Amino acid sequence: MGLFISFEGVEGCGKTTQLEMLREHLEWKGCQVVAVREPGGTELGEKIRGILLNIDTEGLAITPWSELFLYAVCRAQLVCEVIKPALGENKIVLCDRFADSTVVYQGYARGLSLQAIADINKWVTEGIAPDITFIMDCPPEVGLKRAMARINNIAEGKKEDRFERENIDFHKKVRDGYLRLAKEASTRIKVIDGGRGIPVIHKEICDIIEKKLEAMGKRK
Ligand code: TYD
């Protein structure tokens, strides 16, 4: 039944780069890969993503619970429309953020009830959980610097999003939250030291996936 891999981490941790490199590697091997991002990945999800990431610039008010439910809507749609069918067709699904992001951002960092988040995640994921989650770990100061440099390099004038504007304490809570989750689910979650060179990290990730595929008895 397919393989579900998620990538998580603080802003600017390098997860999207690594996801793309893993996608290329797996496709080169002949695997069928579906890559998606959260929030987004469906028509509805991408529309809600636009709202979520631009609320401040559009002058909309949003409460932490409203924010949580918008992420949950995106996830429900993505699981039903894309992830579940792809896994059913034995494909490898790569997801840029998934349920752990809600636990960490809305739970540990915003302070909403972890129990409520676990319940909501259970409903919207329909019980589907990643087989492997890579947490790209780096100090938030380093990640934010990278994220800002990236934004300043984007010609069409993308502004930082609301999370990138949060203070450093918020991002420290995000990082600590991820490390806590990694301890609680040490079989599923692999903490990757994101402070190293891109090719070294890529090799570590590929080695872990190769082992997993071997254990699953399928090379494609
Ligand atoms: P994005 O631009 O995709 O950032 P990144 O490249 O860091 O993934 O924006 C997604 C933002 O949404 C990111 O700051 C984390 C946040 N987020 C949550 O707060 N809760 C969630 O459940 C998810 C999926 C994302």
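The notes below deal with the structure included here.

What counts and how
- Residues numbered from 1 in each chain as written.
- Predicted model: local features only at pLDDT ≥ 70, side-chain atom pairs only at ≥ 80, totals over all residues.
- Heavy atoms only, no water.
- Salt bridge = Lys/Arg side-chain N within 4 Å of Asp/Glu carboxyl O.
- Helix = DSSP H or I, 4+ residues; strand = E, 2+ residues; numbered from the N terminus.
- Buried < 20%, exposed > 50% of the residue type's maximum accessible area, 1.4 Å probe, protein only.
- Contact = heavy atoms within 4.5 Å.
- Near = heavy atom within 4 Å.
- Polar contact = N/O pair within 3.5 Å; in protein donor to acceptor, adjacent residues only side chain to side chain.
- Areas by Shrake-Rupley, 256 points an atom, 1.4 Å probe, with all protein chains shown as cover.
- Expected span 1.5 Å × (residues − 1).
- Bend = angle between axes of the 7 residues up to and from the residue.

Quick notes on the pattern of salt bridges
Pairing is possible between side chains of opposite charge, provided their charged atoms come close.
Next, step 1: In total, this model carries 17 salt bridges according to the counting rule given.
Next, step 2: Across the pair glutamate 67 and arginine 110 runs a salt bridge, and its minimum N-O distance is 3.0 Å. Here glutamate 67, found in helix H3 (residues 64-88), pairs with arginine 110, found in the loop between helix H4 (99-109) and helix H5 (114-124); they are 43 residues apart in sequence, far enough to count as distant.
Next, step 3: Relative accessible area serves as the criterion here: at 1%, glutamate 67 is assigned to the buried category.
Next, step 4: Several salt bridges converge on common partners, so that one network encompasses Glu8, Glu11 and Arg97.

A look at the side chain of glutamine 18
Next, step 1: The residue glutamine 18 is located in helix H1 (residues 15-28) in this model.
Next, step 2: Filtering out sequence-adjacent residues up to four positions away, glutamine 18 remains in contact with Phe7, Met136, Ile198, Ile201, His202 and Ile205.

A short note on the site of the ligand
Next, step 1: Around the ligand there are 15 residues in total, and Glu11, Lys15, Arg97, Thr102 and Gln106 lie nearest to it.
Next, step 2: One nitrogen or oxygen atom from the side chain of arginine 49 is found 2.9 Å from an oxygen atom belonging to the ligand.
Next, step 3: Tyrosine 71 has a polar side-chain atom sitting 2.9 Å from an oxygen atom of the ligand.
Next, step 4: Contact with the protein chains removes 94% of the 540 Å² of surface that the ligand exposes when unbound.
Next, step 5: Counting only elements with at least two residues in the shell around the ligand, the list comes to helix H2 (43-54), H3 and H4.
Next, step 6: At 4 residues, the largest contribution of residues to the shell around the ligand is made by H4.

Some thoughts on H3
Side chains of residues three or four places apart in an α-helix project in the same direction, reflecting 3.6 residues per turn.
Next, step 1: With 25 residues, H3 should reach 36 Å at 1.5 Å per residue; the first-to-last C-alpha distance of 34 Å fits that figure.
Next, step 2: In the structure, H3 departs most strongly from a straight axis at valine 79, where the bend amounts to approximately 45 degrees.
Next, step 3: The set of residues buried in H3 consists of Glu67, Leu68, Tyr71, Ala72, Cys74, Arg75, Leu78, Val79, Val82, Ile83, Ala86 and Leu87.
Next, step 4: Tucked into the core, H3 has its buried residues touching strand E1 (3-9), strand E2 (33-37), H2, strand E3 (92-96), H4 and H5.
Next, step 5: Directly beyond the C-terminal end of H3, a positive phi value near 70 degrees is found at asparagine 90.

Take it as geometry only, folks, not as evidence of what the structure does.
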